[in-house]
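Residue-level listing of the chains:
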Amino acid sequence: MKNKLSFVIGGIQGEGIVSAGESIIKILSRLGYYAYSARKFSSRIKGGNTAIIITVGTERVIAVEDKLDIIVALDQETISIYRDKLEEGGLILHDEGIEMDVVEGNGLKIKPLPLTKIAKESGASITKTTAIITFLSRILDIPKEMIIKYFEERFSHKSDKLLQSNKTAWETAFEYDIELDDKYKKQLSVPKETKGRPVMIGNEAVALGALMAGCRLMPAYPITPASEVMEYMGKVLPQYGGIMLQVEDEIAAVTMAIGGGYAGVRSMTATSGPGISLMTEAIGMASITEVPVVIVDTQRVGPSTGMPTKHEQSDLFTLYYGGHGDYPTIILTPSTVEECFEDAIEAFNLAEKYQCPVILVLDLDLGLSIQTIDSLDYCKIKIERGELLTNDELRNIDSKEFKRFIDNETGISPRSIPGGVNGFHHVTAVEHNEKGLPTEDTTVRKRMIEKRFRKIEPLQQQEHIKVIENGSDTLFLALGSTFGVISEAVNLVESPKVDIAAIRMLRPLPIKQLANLLKKYKDIVVFENNYRKQLYAIITEALGYHDKIHSVTKYDGTSFSIGEITKKMGEI
Amino acid sequence: MKNKLSFVIGGIQGEGIVSAGESIIKILSRLGYYAYSARKFSSRIKGGNTAIIITVGTERVIAVEDKLDIIVALDQETISIYRDKLEEGGLILHDEGIEMDVVEGNGLKIKPLPLTKIAKESGASITKTTAIITFLSRILDIPKEMIIKYFEERFSHKSDKLLQSNKTAWETAFEYDIELDDKYKKQLSVPKETKGRPVMIGNEAVALGALMAGCRLMPAYPITPASEVMEYMGKVLPQYGGIMLQVEDEIAAVTMAIGGGYAGVRSMTATSGPGISLMTEAIGMASITEVPVVIVDTQRVGPSTGMPTKHEQSDLFTLYYGGHGDYPTIILTPSTVEECFEDAIEAFNLAEKYQCPVILVLDLDLGLSIQTIDSLDYCKIKIERGELLTNDELRNIDSKEFKRFIDNETGISPRSIPGGVNGFHHVTAVEHNEKGLPTEDTTVRKRMIEKRFRKIEPLQQQEHIKVIENGSDTLFLALGSTFGVISEAVNLVESPKVDIAAIRMLRPLPIKQLANLLKKYKDIVVFENNYRKQLYAIITEALGYHDKIHSVTKYDGTSFSIGEITKKMGEI
Amino acid sequence: MTSFKKYSNDISPSWCPGCGHYSILRGIQVAADKLKIPNENLVVTTGIGCSGRLSGYVNSYSFHGIHGRVMPLAQGIKLANKELTVIAAGGDGDGFAIGTNHTLHALRRNLNITYIVLNNQIYGLTKGHTSPLSDQGFVTKSTPEGAEDIPLRPGVLSLSAGATFLAQSFSGFQQQMIDLIVKGIEHEGFSLINVFSPCITFNKTNTYQWYRENLVDVSEDKDYDSSNSQMAMMKLMETDGLCTGLIYQQNEENTNDLIVDVDTKALVNQDLTISQEDFNHLMKGFI
Amino acid sequence: MTSFKKYSNDISPSWCPGCGHYSILRGIQVAADKLKIPNENLVVTTGIGCSGRLSGYVNSYSFHGIHGRVMPLAQGIKLANKELTVIAAGGDGDGFAIGTNHTLHALRRNLNITYIVLNNQIYGLTKGHTSPLSDQGFVTKSTPEGAEDIPLRPGVLSLSAGATFLAQSFSGFQQQMIDLIVKGIEHEGFSLINVFSPCITFNKTNTYQWYRENLVDVSEDKDYDSSNSQMAMMKLMETDGLCTGLIYQQNEENTNDLIVDVDTKALVNQDLTISQEDFNHLMKGFI
Ligand SMILES: Cc1ncc(C[n+]2csc(CCOP(=O)(O)OP(=O)(O)O)c2C)c(N)n1
Ligand SMILES: Cc1ncc(C[n+]2csc(CCOP(=O)(O)OP(=O)(O)O)c2C)c(N)n1
Ligand code: SF4
Ligand code: SF4
Ligand SMILES: [Mg+2]
Ligand SMILES: [Mg+2]
């Protein structure tokens with residue numbers, strides 16, 4: 001009996017590998033287990049190796065383990081890539097059609113299975129997925145009724161023919177004699193609770209959060225690995241009177257969202273690095289015109305087209321420093337799927353409160369890793385619309401005197417939206433006076449830029465770093481999905497454990513809290529996936545302390561493994 | 001007799017104010033004087049006040065003085081704006097048509113002149129410019145023959161009618177009895193040499209440098225304050241077998257230039273902040289594909305449309321840190337018109353040597369200030385094409401084995417261009433192997449990104465900061481046109497003078513030299529025109545030393561005045 | 001008939017005296033007055049250029065954005081609140097150089113917006129650079145030897161991209177222009193009105209006089225049927241785009257129900273709160 | 001007739017088996033072979049998409065850039081070296097969504113480039129999102145309730161933007177396609193070839209069979225005159241763009257002398273050094 005178990009399903013892209021993995025995760029999650037998966041795929045549609053690595057456990061999992069207990073291989077490449085990661089006593093299940101150059105022994109068990117054959121005989125090649133799921137669930141000792149129920153639900157909307165083929169497939173797979181010693185079957189400890197838990201990816205959590213936050217307009221342009229945000233919104237928005245619209249490019253997407261935000265609708269768009277680069281000018285416009293808008297960046301490897309399906313955290317610099325001229329934005333960096341949900345809601349509140357663009361930054365692993373989460377908390381949903389003038393307030397306004405951009409103490413000027421009586425005013429992306437009219441007056445320019453930055457200053461004093469203390473004088477600091485890997489690594493060691501932290505708001509940087517952390521810790525080690533040490537640089541630029549802060553980077557298109565973190569811990 | 005004299009010509013935009021100023025500068029420069037001017041204009045075509053402030057001297061001038069000796073006013077606003085800057089014993093010349101609320105006395109002399117009248121009577125309203133020039137040159141005691149010769153040259157290509165009108169204007173203006181006491185005439189000391197010197201703006205110097213460096217392709221999109229680069233190129237390129245092309249937008253402009261650079265032609269484009277934001281994605285492409293290209297950014301006030309005709313240095317962050325992903329670029333920052341010329345040449349050499357985008361950064365004052373310079377040095381023109389394979393070398397290559405992106409020690413891989421036998425290869429903006437083929441291999445990714453950054457590392461060790469030592473332990477550091485203002489301020493004080501420096505290469509930052517400067521000086525004060533202390537932050541991010549480095553910023557759309565610098569010197 | 005002043009904010013435009021853009025500003029104000037659009041329900045968005053300044057002179061909600069992006073901005077506003085009257089305006093450079101992509105896609109998206117092109121066939125604000133609508137041979141600062149490229153013709157292009165309403169007018173034809181703007185606003189879908197608007201400072205070719213001599217009014221052709229798209233296309237091709245009037249208006253009902261659907265509330269008026277029950281249902285989708 | 005292999009670099013394409021793009025790759029290779037273009041003088045540039053991968057399989061200079069910018073890239077190369085044969089290729093999303101602006105301006109600029117649109121009316125690489133060329137009602141991941149917008153038609157649009165050569169073909173019509181690519185390359189000016197290229201994985205509507213049933217060949221119409229632009233426009237409008245063959249080719253001589261001028265050397269072959277004398281002359285301009 002194990003508390004945690006890891007396996008990989010790998011094969012040719014287009015064979016339904018990811019879908020099989022997702023099903024297994026869903027089934028396990030219904031049983032009360034937690035699972036976390038990592039997707040390996042390339043920038044092509046069919047062909048090329050793809051794999052999903054899954055770690056299942058009785059408690060929350062937020063990164064995959066380095067070692068594997070089972071390999072399910074539909075092609076040879078999967079075996080050659082993952083062979084080395086197999087634990088002693090591990091098991092390889094493979095399609096009987098593929099040639100094997102690995103041999104049994106040393107506890108390794110190899111089992112050919114008639115996956116392709118079953119699919120063929122069932123009459124539809126995509127039932128291979130069903131066969132994989134069935135065999136794997138047998139090895140994992142998942143109750144048969146569960147699986148069948150899952151299948152029935154899954155295929156109930158499909159054509160009769162497809163349902164029938166699948167049924168044939170799963171029945172054959174259930175009947176097939178695996179001839180496997182019980183000792184090779186992988187048995188997980190019974191989960192604490194058997195309640196069914198949701199399975200989600202970060203991109204979906206962002207979309208769901210946005211929907212719940214009242215986002216009703218999402219113009220977007222598809223791009224890996226961010227498209228799921230628009231896809232989910234496209235599914236649910238029409239049900240709540242909203243619109244998701246695929247538009248001509250990213251410039252249009254963000255500008256339309258800005259139009260929506262200006263007109264009073266909570267609006268967002270989602271993209272990845274190339275789109276962010278294209279949106280830069282318009283984001284500056286939203287900031288100088290003080291329009292609320294939310295932009296999601298699920299990062300991939302850059303620059304340029306880069307590696308569209310690989311993991312990196314290299315948009316931090318451009319999000320933090322990029323865009324011509326000086327203008328404020330707020331940047332949120334969730335590090336778990338739950339935080340994706342919560343930060344999406346927070347993003348809309350901050351955007352309206354501070355009347356500026358809010359950027360929600362994920363990375364590929366956080367955006368795409370299918371995982372079990374605890375039920376999201378309805379109570380966390382709060383909609384705060386900031387200084388939005390009510391109709392009553394507007395009725396008392398003299399439209400000739402209305403100062404949309406009044407330079408008050410907080411820098412936050414009460415806002416009217418089109419349709420609001422008396423509140424009409426001019427907005428321009430040119431520097432302007434309190435009424436919104438263009439100006440070239442030096443004093444006004446100075447006041448207005450100071451006003452815009454003053455708005456967000458209070459955020460620097462707040463606590464936006466999540467710290468988990470283990471009594472160490474060393475802090476491992478990260479953002480995004482890296483936090484999960486570090487947590488799992490720390491959980492693994494007995495002691496001494498390092499303290500760990502995730503930055504949850506990158507801009508404005510929580511200077512005060514960072515300064516306190518710098519006082520408190522002997523060493524702070526910043527982990528990140530990019531070449532230029534972007535997070536490290538942002539922190540040191542703001543705070544100095546070069547000698548106390550250390551940098552660990554990885555920029556080969558993959559995230560840190562638990563082992564890499566453990567090794568760093570050993571080096572302290 | 002004075003060694004330096006300052007005056008302003010101001011009036012309604014569209015009346016030929018700048019053109020009058022430029023003529024005066026040209027005439028003075030032909031006499032052996034140096035002049036430097038600052039333009040004040042707004043983002044509209046006709047109407048609104050515009051002015052050109054000119055400081056003339058017997059030695060090189062690189063900033064305008066704060067005080068004025070003469071005001072030439074074609075409208076009232078000019079007087080109200082510049083009245084306070086007039087020296088005691090100053091002179092106001094004004095069009096007799098405008099109402100005056102300022103009175104003579106305290107040495108102030110006011111002289112109405114029949115400018116509009118002369119223009120009207122000459123038969124063409126644009127001869128007002130000619131009248132201004134004539135009167136001003138009389139006050140400045142410029143020989144009459146000089147002026148007439150200048151006019152004759154200037155109008156020789158124009159229609160007979162226009163020439164005649166102008167002639168009438170200047171003759172009337174020469175004959176008009178100014179009735180001005182000699183003591184009000186402003187006499188400049190005789191210049192050291194009477195050789196004629198060129199009059200240029202930074203944008204033209206860049207264009208001329210580019211032409212001389214062999215740039216033969218310039219696709220561009222117009223934008224204030226960078227358009228003069230394309231305009232000059234449009235004039236001269238066709239004469240040297242080159243092409244300047246106004247294209248549909250900035251994305252097209254830079255991408256076409258990249259196409260040109262890839263195909264072996266030295267190519268560039270020029271823009272300002274908004275264009276830079278739009279070009280970001282493509283600049284990343286040029287970097288990852290290792291294509292040489294030169295991009296000029298003449299900065300204006302940002303963000304967004306900002307203040308198109310006002311001065312700022314706020315693109316540093318986005319140029320240094322911007323763009324998704326990690327990729328190298330080289331950023332040059334000339335601080336005088338001569339350096340604009342030299343750096344333009346250097347930019348093309350560096351772009352081909354290091355096979356990456358080179359960005360040449362000016363600011364509005366440097367780009368547009370009309371000024372007298374010393375003759376540019378033909379010997380500084382060197383064309384070095386880097387590791388470009390010759391036809392002979394190519395003939396010995398096996399095209400199947402050719403590694404366009406070979407990962408050698410320097411990181412600089414020999415390059416072939418289309419048309420070159422055997423040198424054909426694939427180029428992709430996706431991460432690629434040494435042959436240029438797309439890859440998702442982690443080891444290759446790591447090696448290739450390291451290779452690309454390794455290329456430009458040696459530049460960090462070189463000296464790219466211009467330092468002028470005055471024996472002080474304080475260094476005033478700046479870039480762009482700010483350097484000129486600081487120089488003039490330092491020239492003014494007797495002692496103690498601070499040492500002064502200009503950063504000439506922003507990226508890669510000359511770390512070694514900076515470190516030495518930090519050792520040498522007690523204090524380094526960074527002057528810059530932006531809100532976020534961009535230069536200061538870039539330096540401190542790289543070097544720490546927060547306590548030694550100080551920041552002085554100004555972000556109201558105007559550059560530092562000499563007085564503001566002098567004041568800072570006093571505070572030390 | 002001075003009640004259109006209601007739509008003027010009394011700021012005197014920064015345009016050169018005589019600029020064609022004045023007439024278009026007035027045209028919009030008079031049309032708004034004719035349609036009695038409440039000031040607070042009118043939104044005027046503009047791009048960047050001399051033309052872009054227009055929104056700063058209208059007494060309504062108005063947004064002067066970035067160069068070339070007036071279309072997505074206007075569409076975002078209309079999508080957010082379909083009850084607003086959204087008028088977009090911009091220069092020929094704004095809409096047919098940097099903004100071409102958005103212009104064409106706005107046409108095919110067919111939201112109920114009126115887009116007025118202030119077409120002076122030149123870049124005014126940058127002081128006289130060539131525009132994609134400038135004729136071949138046109139000499140400017142950026143084409144000292146004359147423009148080389150085949151000019152784009154807004155009319156033909158708009159029809160090709162699926163325009164459901166296309167009109168053309170001229171700054172010198174105030175009455176026609178006002179009528180067309182009114183029709184454009186009334187059209188249930190996207191309306192593009194290309195107005196020739198002389199730049200008296202930099203375009204010495206396409207002057208008021210030149211337009212008067214070269215423009216033909218389609219309504220003079222008795223057989224002209226503005227609901228026939230092929231006829232419209234032919235007319236535009238024959239006249240090289242130099243015709244005015246209502247060139248084309250689609251008869252059929254608007255099919256785009258993104259914002260047309262009368263049953264649904266404007267996005268801005270939707271209830272933002274989603275019940276716990278609905279939330280639970282959404283969560284179920286993930287189990 | 002396997003010498004076209006000379007233009008293949010032996011890398012096996014990453015496309016799905018049966019993808020329409022294979023046929024276009026072969027079409028380009030065979031056309032290059034027919035025209036005996038030396039490998040080193042051929043430059044193939046592509047955008048991003050499944051289509052974008054094409055340049056990686058041609059044995060020549062080739063450049064796979066960023067999404068939507070294949071046109072400026074190709075034009076930069078051609079401007080730099082007019083002696084090269086430049087073929088650009090890209091998806092319908094690449095050229096008619098994000099890249100529309102560049103496509104239209106490339107047409108009007110009329111440089112001697114051949115641009116092949118790999119038109120599957122869908123976004124392949126992003127796994128099945130709608131394209132501006134998708135028909136109304138088309139259901140995809142991003143239009144779960146069916147596409148709303150009026151589709152763009154590359155043919156009509158290209159003619160409107162001043163195309164001097166327009167052809168259409170289909171992945172299933174190899175011979176026709178090869179002929180048209182050859183003609184396109186030979187055309188002295190910009191040639192756009194819109195090839196319907198089924199995405200067998202995500203587009204279940206516009207399949208091979210669908211195209212076979214819906215496409216008409218203009219050459220079957222005896223009276224069709226491909227040098228008549230109005231006739232071409234009518235044909236495209238009548239068939240809703242679903243016609244193949246040589247739709248339009250301008251008879252007149254190419255007027256764009258940016259790179260056509262035979263007397264001047266290619267930019268890449270110009271002497272870069274400017275004499276001291278010339279420099280002094282240039283400097284005089286500033287005195
Ligand atoms: C991204 C960007 N590029 C360039 C500019 C500079 N610019 C301002 S207005 C303009 C064109 C103006 O022409 P048009 O749109 O025809 O308007 P007009 O001034 O003629 O009314 C340009 C290129 C800018 N503001 N932003
Ligand atoms: C700036 C940018 N936005 C979005 C993407 C994501 N993307 C890659 S290919 C593609 C569209 C592919 O469709 P198409 O051009 O029709 O080519 P196909 O795959 O169908 O051949 C998109 C949106 C990107 N790479 N870059
Ligand atoms: S420059 Fe031309 S377009 Fe601009 S305001 Fe003057 S006349 Fe009008
Ligand atoms: S997804 Fe479609 S376009 Fe892409 S390779 Fe497969 S069939 Fe071709
Ligand atoms: Mg214009
Ligand atoms: Mg496609």
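Scoring rules and cut-offs
Residues numbered from 1 in each chain as written. Chains lettered and ligands numbered in written order. Predicted model: local features only at pLDDT ≥ 70, side-chain atom pairs only at ≥ 80, totals over all residues. Heavy atoms only, no water. Donors = N, O, S within 2.8 Å, 3.2 Å for Na, K, Ca; no water. Helix = DSSP H or I, 4+ residues; strand = E, 2+ residues; numbered from the N terminus. Buried < 20%, exposed > 50% of the residue type's maximum accessible area, 1.4 Å probe, protein only. Near = heavy atom within 4 Å. Polar contact = N/O pair within 3.5 Å; in protein donor to acceptor, adjacent residues only side chain to side chain. Areas by Shrake-Rupley, 256 points an atom, 1.4 Å probe, with all protein chains shown as cover. Pairing = 2+ DSSP bridges. Axes fitted to C-alpha atoms, helices over the stretch in contact; angles between N-to-C directions. Contact = heavy atoms within 4.5 Å. Nonpolar A, V, L, I, M, F, W, Y, C, P; charged D, E, K, R; others polar.

Colleague: Can you walk me through the coordination of the magnesium ion (ligand 6) in this structure?
Modeller: In an ideal tetrahedron of four donors about a metal, each angle is 109.5 degrees. In an ideal octahedron of six donors, the angles are 90 or 180 degrees. Residue and element names in this part refer to chain D. Distances from the magnesium ion (ligand 6) to its protein donors, Asp92 (OD), Asn120 (OD1) and Ile122 (O), fall at 2.0 to 2.1 Å. Ordering the donors of the magnesium ion (ligand 6) by residue number gives the pattern D-x27-N-x1-I. Of this pair, aspartate 92 sits in helix 3 (residues 92–96) while isoleucine 122 is found in the loop between strand 4 (114–119) and helix 5 (154–160), placing the two residues 30 residues apart along the sequence. Residue classification places isoleucine 122 among the buried positions, given a relative accessible area of 3%.

Colleague: Is there a simple way to explain the site of ligand 2 in this structure?
Modeller: Around ligand 2 sit 25 residues, and of these Glu250(A), Cys50(D), Asp92(D), Asp94(D) and Gly124(D) come closest. Ligand 2 sits at a junction of chains, with neighbouring residues supplied by chains A, B and D. Gly93(D) is positioned such that a nitrogen or oxygen atom in its backbone is 2.9 Å from an oxygen atom of ligand 2. A distance of 2.8 Å separates an oxygen atom of ligand 2 from a polar backbone atom of Asp94(D). When ligand 2 sits alone it has 590 Å² of accessible area, and the protein chains cover 98% of it. Take the shell around ligand 2: its biggest share by element is three residues, from helix 3 of chain D.

Colleague: For this particular structure, what's the right way to read the sheet that holds strand 11 (residues 293–299) of chain A?
Modeller: Note on sheets: strands pair through backbone hydrogen bonds, and any given pair is parallel or antiparallel. All names here are of chain A. The strand order across the open sheet formed by five strands is 10-11-13-12-19, and the pairing between neighbours is mixed. The open sheet terminates on both sides in strands that have one partner only, identified here as strand 10 (268–271) and strand 19 (505–507). When strand polarity is set aside, the average angle formed by the axes of neighbouring strands in this sheet is 20°. On top of the sheet, helix 7 (residues 202–212) reaches strand 10, strand 11 and strand 13 (357–363); it is set at about 155° to strand 13, its chief contact.

Colleague: When you look at the site of ligand 3 in this model, what are you seeing that I'm missing?
Modeller: Neighbouring ligand 3 are Ile45(B), Trp15(C), Cys16(C), Cys19(C), His21(C), Cys50(C), Asn120(C), Cys199(C), Ile200(C), Thr201(C) and Phe202(C). Of the chains in the model, those with residues near ligand 3 are chains B and C. Per-class residue counts for the shell around ligand 3 are eight nonpolar, three polar and no charged.

Colleague: How should I be thinking about the coordination of the magnesium ion (ligand 5) in this particular structure?
Modeller: Residues and elements named next belong to chain C. At this site the magnesium ion (ligand 5) is bound by Asp92 (OD), Asn120 (OD1) and Ile122 (O), with donor distances of 2.0 to 2.1 Å. Of note, the magnesium ion (ligand 5) draws all its donor residues from one chain, in the sequence arrangement D-x27-N-x1-I. Classification of aspartate 92 as buried rests on a relative accessible area of 1%.

Colleague: What is the right way to look at the sheet that holds strand 12 (residues 330–332) of chain B in this model?
Modeller: Residues and elements named next belong to chain B. Ordered in space as 9-8-10-11-13-12-19, the seven strands form an open sheet in which the pairing is mixed. At either margin of the open sheet sits one strand with a lone partner, and together these are strand 9 (243–246) and strand 19 (505–507). Neighbour-to-neighbour, the strand axes of this sheet turn through a mean angle of 20°, independent of strand direction. Examined bridge by bridge, strand 11 (residues 293–299) and strand 13 (residues 357–363) share seven bridges and lie parallel to one another. Residue pairing for strand 13: threonine 298 is matched across the bridge by leucine 362.

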